[in-house]
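# Understanding the architecture of this molecule
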Amino acid sequence: MKRRDFIKATAASAAVVCGPETALARPNLEPAENAVGMLFDSTLCVGCKACVSKCKEVNSMPPVIEGDKLSWDSARDLSPKTLNVIKVYKDGTAESKDQEVDGFCFEKRSCMHCVDPGCVSVCPVTAMRRDPLTGIVTYHADACIGCRNCMVGCPYNVPQFEYDEAFGQIQKCQMCNQAGVERINNGQMTGCAEACPTGATLFGTRKELLKEAKQRMAMKEGEIYNYPRGDLSKPDHYHEKAIPAYQQHIWGEKEAGGTNVMHISAIPFDKLGMPPLKERSSASIAEGVQHSIYNYLALPAIALAGLSFVIRKNINEDTEDQGGNS
Ligand code: SF4
Ligand code: SF4
Ligand code: SF4
């Protein structure tokens, strides 16, 4: 075999496998075509926890034990029995609502239904799935092998494993659209948005919710705004309230590729325990690196196939030459 043929065959194989962009193979996923979600406005939340108990009712979740009593709404954090929780931010004397210093506010924790979900990316058996139309991230126990990768892949510590069950499963909010519930597929809103008396948890399409959030931010502090309640496409109630001193930041517009559940607040999000996230999703980076590794592992096999082809061609040519000379 000629040296020039060897180099050509190897280079051609490498070109097929490794493009220059392979190490960062894909950008963030885009929001689903008809993405639905929720807007949580912390300045409207009064901490009544109607959303917590409604979530338990809709999802048939048991109460938690508080002291010697069973409670439907006093869970302090997410758990396999609680998929939606209201937490309290307090500073100093905690005198005024929505004030960073000596103030307090409420913050919701539940699955953010990421646009480019880490839990889906790391699940080896597609037990976590993002609906291509609605963007809702659901869990499928029948496929789950209990590896708990999704717990590590989620930047918000959302998936919860049932450690105290013999055949434990993962539990997380599925936006009230899992098998047996399917409120969204049936034209209903989420249980938490339906129960929320103030519109602090508002249901709608991601596009409309983002527009609504930007509209609130664009207004001057103290101006009167008509806040909708329930489903933004058909609110069942409005109430007037002065615009607070919003942080000019919609959590979930861009973080890690964005989320379908977005938050706005008068208190900076780092104070509310949100994680520091860049705009690039970890899923897009991890999958890029992963694909590069697979590609480079495939390279020797493809180079070998190329070499075999060239060697076979040379042998055939030699045989033909010898046949011709005899
Ligand atoms: S625990 Fe289940 S859902 Fe989570 S990553 Fe493993 S297989 Fe997927
Ligand atoms: S918040 Fe966590 S569990 Fe929910 S979609 Fe995002 S990565 Fe998955
Ligand atoms: S129901 Fe609404 S106001 Fe009440 S705690 Fe939940 S989000 Fe806040």
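Structure shown above.
What this report covers is the structure whose coordinates are included nearby. Residue positions are given per chain, counted from 1 along the sequence in the order it is written. For this description, chains carry letters from A and ligands carry numbers from 1, given in the order in which they are written. Local features in this predicted model are restricted to residues of pLDDT 70 or higher, and side-chain atom pairs are both shown and tallied only at a pLDDT of 80 or more, whereas totals for entire chains, interfaces and linings draw on every residue. Water and hydrogen atoms play no part in the side-chain values, which are based on all heavy atoms of the structure.

### Quick look at the overall build of the chain
As a reminder of what qualifies: Secondary structure elements follow DSSP: runs of H or I of four or more residues count as helices, runs of E of two or more count as strands, with numbering from the N terminus. Relative accessibility under 20% of the residue-type maximum defines a buried residue, over 50% an exposed one, and the middle range a partly exposed one, all with a 1.4 Å probe and only protein chains included. The contact criterion used throughout is that any non-hydrogen atoms of two residues lie within 4.5 Å. Shrake-Rupley sampling with a 1.4 Å probe provides the accessible areas, and residues are treated as covered by the protein chains on show and by no other component.
Counting its regular elements, the chain contains seven helices and 14 strands. Of all 326 residues assigned to the chain, the portion counted as buried reaches 45%. In the chain, once contacts between residues fewer than 6 apart in sequence are set aside, the share between residues at least 24 apart is 60%. In the structure as shown, the chain presents an accessible area of about 17200 Å², 55% of it carried by carbon and sulfur atoms.

### Quick look at the site of ligand 3
Where we set the bar: We call a residue near a molecule or strand as soon as one heavy atom of that residue lies within 4 Å of the molecule or strand. Put simply, Ala, Val, Leu, Ile, Met, Phe, Trp, Tyr, Cys and Pro go in the nonpolar bin, Asp, Glu, Lys and Arg in the charged bin, and everything else, Gly too, in the polar bin.
Taken together, 14 residues form the shell around ligand 3, and within it Cys-45, Cys-48, Lys-49, Cys-51 and Cys-196 come nearest. Its residues assigned to classes, the shell around ligand 3 shows ten nonpolar, three polar and one charged.

### What about the sheet that holds strand β6 (residues 103-109)?
Our working definition: Each pair of strands is called paired provided DSSP finds at least two bridges between the two strands.
With mixed pairing, three strands are arranged side by side in an open sheet as β4-β6-β5. Edge positions in the sheet fall to β4 (85-90) and β5 (96-97), since each has one partner strand and no second. Bridge count between β4 and β6: six bridges; the pairing is antiparallel. Among the inter-strand pairings, Lys-87 is bridged to a residue of β6, identified as Glu-107.

### What about the side chain of Arg-183?
Structurally, Arg-183 can be placed in the loop between β10 (170-171) and α5 (191-195). Relative accessible area serves as the criterion here: at 9%, Arg-183 is assigned to the buried category. Residues contacting Arg-183, with those up to four places away along its chain left out, are Val-58, Cys-176, Asn-177, Gln-188, Met-189, Thr-190, Gly-191 and Glu-194.

### Some remarks on the site of ligand 2
The local shell around ligand 2 holds 14 residues, among which Cys-111, Met-112, Cys-114, Cys-119 and Cys-154 are the closest. Here the shell around ligand 2 is built from residues that sort into eleven nonpolar, two polar and one charged.

### Focus on the pattern of salt bridges
What counts, and what does not: A side-chain nitrogen of Lys or Arg and a carboxyl oxygen of Asp or Glu constitute a salt bridge if their distance falls within 4 Å.
This structure, assessed with the given rule, holds 14 salt bridges. Among the salt bridges present, the one from Arg-26 reaches Asp-116, with a minimum N-O distance of 2.9 Å. You can see Arg-26 sitting in the loop between α1 (3-17) and β1 (36-41) and its partner Asp-116 sitting in the loop between β6 and α3 (118-122), a full 90 residues away along the chain. Like Asp-116, Arg-26 is buried. A salt bridge links Arg-216 to Asp-41, with the nearest nitrogen and oxygen atoms 2.9 Å apart. Taken together, the positions of Arg-216 in helix α6 (residues 206-218) and Asp-41 in strand β1 put the pair 175 residues apart, joining distant regions of the chain. Comparing Arg-216 with Asp-41 shows no difference in burial state: the two are buried. One network of salt bridges, in which partners are shared, links Lys-54, Glu-57, Arg-183 and Glu-194.

### Details of the side chain of Glu-255
Here is the rule we go by: Positive charges come from Lys and Arg, negative ones from Asp and Glu, while His and the chain ends are left out of the count. For this analysis, a polar contact is any N or O atom pair within 3.5 Å, provided that within protein one partner can donate a hydrogen and the other can accept it, and provided that sequence-adjacent residues contribute only side-chain to side-chain pairs.
Mapping Glu-255 onto the fold places it in the loop between β13 (237-242) and β14 (261-264). Arg-206 provides the closest opposite charge to the buried, unpaired Glu-255, separated from it by 7.6 Å. In this structure the side chain of Glu-255 is engaged in a polar contact, spanning 2.8 Å, whose partner is the backbone nitrogen of Gly-252. For Glu-255, the residues in contact, after removing those within four places along its chain, are Tyr-156, His-249, Ile-250, Leu-277 and Lys-278.

In short, shape yes, function no, at least from these values alone.
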